[in-house]
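Geometric and topological summary
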Amino acid sequence: MSGKKILVIDDEVDFAGFVGEAGRRLGYDVEVCHASAEAKRRLADIAPDLIVLDIVMPGEDGVEFLQWLRGQPLRPILILMTGYNPKYAEMAGALGRVAGLEVAALLTKPVRIKALQEVLNKHLPLADADALASTTTTA
């Protein structure tokens, strides 16, 4: 593996698995959490370079996670996603940036695997620049 770590936080088990697999196929180390509270407990141990965060989740949502994250010493790159109105991701992105977080991309579900992989490679490049070129999976 690359040693570069991605944390996926999404309550939709299948979609979180899809995002995780997209990252693994490119060579990233990927961890998945299905709730914000779980991600908070594990964040320091995982120490991700990048977080793919669903904005709309039951219980504590992505916006609340961003508010918590701004008080943490880790500063991973953020990719925010939503299957609802894209304005949710835009609002969360603006709040994250105001809080000093690096919000690299806003994506709307459903997302194609190639588009997701391009965003990952752009914002968390691997030493092997040919990783994306060799990936031929579509969804």
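Everything discussed here concerns the structure shown above.
Residues numbered from 1 in each chain as written. Predicted model: local features only at pLDDT ≥ 70, side-chain atom pairs only at ≥ 80, totals over all residues. Heavy atoms only, no water.

1. What to know about the overall build of the protein
In terms of regular secondary structure, the protein is built from five helices and five strands. Secondary structure elements of the protein occur, N-terminal to C-terminal, as β-α-β-α-β-α-β-α-β-α. In the protein, buried positions account for 44% of the 139 residues. For the protein, contacts bridging at least 24 residues in sequence account for 73% of all contacts bridging at least 6. Carbon and sulfur atoms form 52% of the exposed surface of the protein, whose accessible area is close to 6,900 Å². (Helix = DSSP H or I, 4+ residues; strand = E, 2+ residues; numbered from the N terminus. Buried < 20%, exposed > 50% of the residue type's maximum accessible area, 1.4 Å probe, protein only. Contact = heavy atoms within 4.5 Å. Areas by Shrake-Rupley, 256 points an atom, 1.4 Å probe, with all protein chains shown as cover.)

2. Some remarks on the packing of helix α1 (residues 13-26) against helix α5 (residues 113-123)
Two elements in contact, α1 and α5, have axes whose closest approach is 10 Å; the angle formed by their N-to-C orientations is 60°. Between α1 and α5, the angle falls in the class oblique. The two elements α1 and α5 cross, and the hand of that crossing is right-handed. Residues Phe18, Val19, Ala22, Gly23, Arg25 and Leu26 of α1 lie in contact with α5, whose contacting residues are Ile113, Leu116, Gln117, Leu120 and Asn121. (Axes fitted to C-alpha atoms, helices over the stretch in contact; angles between N-to-C directions. Parallel < 35°, antiparallel > 145°, perpendicular 65-115°, else oblique. Left-handed = near helix turned anticlockwise from the far one by under 90°.)

3. Some points on the environment of Leu116
Tracing the backbone through its elements, the reader meets Leu116 in helix α5. Put simply, Leu116 and Gly23 are 93 residues apart on the chain and 8.6 Å apart in space, counted from C-alpha to C-alpha. Beyond its immediate chain neighbours, meaning those up to four positions away, Leu116 contacts Phe18, Val19, Ala22, Leu107 and Val111.

4. Let's talk about the packing of aromatic side chains
Taken as a whole, this structure holds three aromatic pairs when the rule is applied. Centroid distance Phe65 to Trp68: 5.5 Å. Interplanar angle 40°. Geometry classified as tilted. A residue pair is termed a helical-turn pair when its members lie 3 or 4 positions apart in one helix, as Phe65 and Trp68 do in helix α3 (residues 62-69) at three residues. Geometrically, the ring pair formed by Tyr84 and Tyr88 is tilted, given 6.4 Å between the ring centres and 45° between the ring planes. What makes Tyr84 exposed here is its relative accessible area of 51%. (Phe/Tyr/Trp six-rings, centres within 6.5 Å; stacked < 30°, edge-to-face > 60°.)

5. Structural notes on α1
Given a rise of 1.5 Å per residue, 14 residues ought to cover 20 Å, and the 20 Å separating the end C-alpha atoms of α1 matches this to within 8%. Three or more residues of α1 are buried, namely Phe15, Ala16, Val19, Gly20, Ala22, Gly23 and Leu26. Mapping the buried residues of α1 onto a view down its axis gives an arc of 155°, with all of them on the same face. For α1, the exposed residues set more than 90 degrees away from the buried face come down to Val13 and Asp14. Looking at the buried side of α1, the elements it contacts are β1 (5-9), β2 (29-33), β3 (50-54), β4 (77-82) and α5. With its phi angle positive at about 105°, Gly27 sits one or two positions after the end of α1. (Expected span 1.5 Å × (residues − 1). Arc of directions from axis to C-beta.)

6. Re the sheet that holds β2
In space, the five strands of this open sheet follow the order β2-β1-β3-β4-β5, with parallel pairing throughout. Each edge of the open sheet carries a strand with a single partner, namely β2 and β5 (103-108). Neighbour to neighbour, the strand axes of the sheet diverge by 15° on average, direction disregarded. Judged from the five bridges that link them, β1 and β2 form a sheet pairing that is parallel. Considered in β2, the bridge of Leu7 is made with Glu31. Packing of α1 onto the sheet brings it into contact with β1, β2, β3 and β4, and relative to β2 it is tilted by some 170°. Each of β1, β2 and β3 touches helix α2 (residues 36-46); the most contacted strand, β2, lies at about 150° to it. (Pairing = 2+ DSSP bridges.)

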